[in-house]
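# Architecture and fold: a report
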Amino acid sequence: MFNPSYPAPASTPRPDDLVTYEQFTLFMEPSGHTLTVRTAQRWAIEDRLPTWPDPADPRRRRQLVSVSDLLVAHRDRQS
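Computed from a predicted model, the values in this text were never measured in an experiment.

Mapped onto the fold, Asp-17 is located in the segment before β1 (18-20). Placed 47 residues apart in sequence, Asp-17 and Leu-64 show a C-alpha to C-alpha distance of 9.3 Å. The residues contacting Asp-17, other than those within four sequence positions of it, are Val-65, Ser-66, Val-67 and Ser-68. At 2.8 Å, the side chain of Asp-17 forms a polar contact with the side chain of Ser-66. At a separation of 2.9 Å, a polar atom in the side chain of Asp-17 contacts the main-chain amide nitrogen of Ser-68.

Spelled out as structure tokens, the structure:
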């Protein structure tokens, strides 16, 4: 049985639109929808979005997340 835990299992296909949370907040600035890095991280945790370790981070602490997943999370939180 599949257990939807965080982070996603390694069998989840890796999307092509991965960014850090910092990159996502910069991506959203021109739209006028400013948000903090912590808010994007909270959305990923609450929605159980899959994340992957950033290969550019030598300590493997920085996570990558899909832009499209975060955009859906943002849309779902609009009133």
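Close contact between helix α1 (residues 21-28) and helix α2 (residues 37-46) brings their axes to 9 Å; oriented N to C, the two are set at 110°. In terms of axis orientation, α1 runs roughly perpendicular to α2. Note that α1 runs across α2; the crossing there is right-handed. Along the contact surface, α1 presents Tyr-21, Glu-22, Phe-24 and Thr-25, while α2 presents Val-37, Ala-40, Gln-41 and Ala-44. Classifying every residue of the contact of α1 with α2 by side-chain character gives five nonpolar, two polar and one charged.

Time to look at α2. Taken residue by residue, α2 has Thr-39, Ala-40, Trp-43 and Ala-44 as its buried positions. All buried residues of α2 fall inside an arc of 140° around its axis, so they share one side. Where α2 ends, the next residue or the one after it, Arg-48, has phi of about 55°, a positive value.

Turning our attention to the confidence of the model for the chain. In the predicted model, the chain carries a mean pLDDT of 86, and the fraction of residues at 70 or more is 82%. Per-element averaging of pLDDT across the chain places strand β2 (residues 51-53) at the bottom with 92 and α2 at the top with 96.

So, about the packing of aromatic side chains. Within this structure, the stated rule accounts for one aromatic pair. A ring pair is formed by Phe-24 and Phe-27, whose centres lie 6.1 Å apart and whose planes are at 35°; its orientation type is tilted. Of this pair, Phe-24 and Phe-27 both sit in helix α1, three residues apart, roughly one helical turn. What makes Phe-24 buried here is its relative accessible area of 0%.

This part takes up the sheet that holds β2. In spatial order, the strands read β1-β3-β2; together these three strands make up an open sheet with antiparallel pairing. In this open sheet, the two strands that pair with only one neighbour each are β1 and β2. With strand direction ignored, the average angle separating the axes of adjacent strands in the sheet is 40°. Sheet analysis places β1 next to strand β3 (residues 63-66), joined by three bridges and oriented antiparallel. By the bridge assignment for β3, Leu-18 is matched with Ser-66. The strands touched by α1 are β1, β2 and β3; relative to β1, the strand with the most contacts, the crossing angle is about 95°.

Cut-offs applied
Residues numbered from 1 in each chain as written. Predicted model: local features only at pLDDT ≥ 70, side-chain atom pairs only at ≥ 80, totals over all residues. Heavy atoms only, no water. Helix = DSSP H or I, 4+ residues; strand = E, 2+ residues; numbered from the N terminus. Contact = heavy atoms within 4.5 Å. Polar contact = N/O pair within 3.5 Å; in protein donor to acceptor, adjacent residues only side chain to side chain. Axes fitted to C-alpha atoms, helices over the stretch in contact; angles between N-to-C directions. Parallel < 35°, antiparallel > 145°, perpendicular 65-115°, else oblique. Left-handed = near helix turned anticlockwise from the far one by under 90°. Nonpolar A, V, L, I, M, F, W, Y, C, P; charged D, E, K, R; others polar. Buried < 20%, exposed > 50% of the residue type's maximum accessible area, 1.4 Å probe, protein only. Arc of directions from axis to C-beta. pLDDT = per-residue confidence, 0-100. Phe/Tyr/Trp six-rings, centres within 6.5 Å; stacked < 30°, edge-to-face > 60°. Pairing = 2+ DSSP bridges.

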